Amino acid sequence: MTFDDGPTQFADAILDLLKEKNMKATFFVVGNLYMNTADSNWARIVKRMYNEGHVVGSHTFNHKDLTTLSADQIRSEMTQLEGAISQAIGKKPAFMRPPYGSGNGNQNVMSTLGSLGYTAAITWNLDSGDWNNKDINYAKQVFSGANGQGSISLNHLQYNGSTKESIVALARAEIDIMLSKGYTPVTMDKCLGLNAYQ
């Protein structure tokens, strides 16, 4: 299970749910979307993610489409966030998720990320549709269709029109479906067999 766009005002509620379910997730965080790295809550939430056994990956500083940026601009997006993550948890991420899933296969994006030490640009194969205001029934249908194949889910810690209740209800429903189908939720390092940090 993966969550994008944090930290947000709803992150603690999702972390509480994951603790209740005894599950670990991967969080692809940003530096300047719903909460800025200058906010002390940003570092507190990222530390909590890490300290509770979740993986923290990069989702860029400003959530920009990397295919529209030069190599220097990509480096700036990545290193600004790396510094904040490193300051919060003492490690630099090796995993990232390109905003909008855009950039896998793009030579400029991939070579620049590789030169910065990133070992995986991770997308997804189960999209909850939360970002597109799909309802919980849509997500249940998508997750119910997962039948034995490895699954990387796409969820967000906030989106247009979201509430704490809607985000937690969606995540709870997805978790319950996946567990009922016999899935064993793991973090991306376990999924890929790679180190999560540089």
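In this report, the structure presented in the accompanying data block is examined. (Residues numbered from 1 in each chain as written. Predicted model: local features only at pLDDT ≥ 70, side-chain atom pairs only at ≥ 80, totals over all residues. Heavy atoms only, no water.)

1. A closer look at the overall build of the chain
Piece 1. Summing up its helical and strand segments, the chain has seven helices and seven strands in all.
Piece 2. The helix and strand sequence of the chain, counted from the amino end, reads β-α-β-α-β-α-β-α-β-β-α-β-α-α.
Piece 3. Over its C-alpha trace the chain gives a radius of gyration of 16 Å, about what one expects of a compact globule, namely 16 Å for 198 residues.
Piece 4. Projecting the C-alpha coordinates of the chain onto the three principal axes gives extents of approximately 45 × 35 × 30 Å.
Piece 5. The 198 residues of the chain split such that 50% are buried.
Piece 6. When contacts within the chain are restricted to residue pairs at least 6 apart in sequence, those whose partners lie at least 24 apart make up 78%. (Helix = DSSP H or I, 4+ residues; strand = E, 2+ residues; numbered from the N terminus. Rg over C-alpha atoms; globule rule 2.2 N^0.38 Å. Buried < 20%, exposed > 50% of the residue type's maximum accessible area, 1.4 Å probe, protein only. Contact = heavy atoms within 4.5 Å.)

2. Structural notes on the environment of Val 55
Piece 1. Along the chain, Val 55 falls in strand 3 (residues 55-58).
Piece 2. Taking the relative accessible area as the measure of exposure, Val 55 reaches 4% and is therefore buried.
Piece 3. Distance in space between the C-alpha atoms of Val 55 and Asp 189 is 7.7 Å, their sequence separation being 134 residues.
Piece 4. Among residues more than four places away in sequence, those in contact with Val 55 are Ala 25, Thr 26, Phe 27, Phe 95, Thr 187, Asp 189, Ala 196 and Tyr 197.

3. Re helix 6 (residues 164-180)
Piece 1. Along its 17 residues, helix 6 runs 24 Å from first to last C-alpha, staying within 8% of the 24 Å computed at 1.5 Å per residue.
Piece 2. All buried positions along helix 6 are accounted for by Ile 167, Val 168, Leu 170, Ala 171, Ala 173, Glu 174, Ile 175, Ile 177 and Met 178.
Piece 3. On its buried side, helix 6 packs onto strand 1 (2-6), helix 1 (11-20), strand 6 (126-127), helix 5 (136-144) and strand 7 (153-156).
Piece 4. Looking one or two residues beyond helix 6, the residue adopting positive phi is Gly 182, at roughly 85°. (Expected span 1.5 Å × (residues − 1).)

4. Observations concerning the pairing of strand 7
Piece 1. Here strand 7 shows no split at all, with Ser 153 and Asn 155 on one side and Leu 154 and His 156 on the other all buried.
Piece 2. Relative to strand 7, strand 1 runs parallel, the two being bridged by two bridges. Counterpart to Asp 4 in the pairing with strand 7 is His 156.
Piece 3. Two elements, strand 6 and strand 7, share two bridges in a ladder whose sense is parallel. Within strand 7, the position partnered with Leu 126 by the bridge is Ser 153. (Pairing = 2+ DSSP bridges.)

5. A few points about the packing of aromatic side chains
Piece 1. Under the defined criterion, the tally for this structure stands at two aromatic pairs.
Piece 2. Both rings, one in Phe 3 and one in Phe 27, keep their centres 5.4 Å apart while their planes meet at 20°; by these two values the pair is stacked. Linking Phe 3 in strand 1 with Phe 27 in strand 2 (residues 26-29), this pair joins segments that are 24 residues apart in sequence. Each of the two residues, Phe 3 as well as Phe 27, counts as buried. (Phe/Tyr/Trp six-rings, centres within 6.5 Å; stacked < 30°, edge-to-face > 60°.)

6. Section: the pattern of salt bridges
Piece 1. Going through the model one piece at a time under the given rule, you end up with 11 salt bridges.
Piece 2. The partner of Arg 97 in a salt bridge is Asp 4, with the nearest N and O atoms 2.8 Å apart. Of this pair, Arg 97 sits in the loop between strand 4 (95-96) and helix 4 (107-115) while Asp 4 sits in strand 1, and the two are 93 residues apart along the sequence. Each member of the pair Arg 97 and Asp 4 is classed as buried.
Piece 3. Between Asp 16 and Arg 48 there is a salt bridge, with its nearest N and O atoms 2.5 Å apart. You can see Asp 16 sitting in helix 1 and its partner Arg 48 sitting in helix 2 (residues 40-51), a full 32 residues away along the chain.
Piece 4. What makes Arg 48 buried here is its relative accessible area of 15%.
Piece 5. Connected via shared salt-bridge partners are Asp 12, Asp 16, Lys 19, Arg 44, Arg 48 and Glu 52. (Salt bridge = Lys/Arg side-chain N within 4 Å of Asp/Glu carboxyl O.)

7. Looking at the side chain of Thr 187
Piece 1. Along the chain, Thr 187 turns up in the loop between helix 6 and helix 7 (188-192).
Piece 2. What makes Thr 187 buried here is its relative accessible area of 5%.
Piece 3. When sequence neighbours within four positions are dropped, the list of residues in contact with Thr 187 reads Lys 24, Ala 25, Thr 26, Gly 53, His 54 and Val 55.

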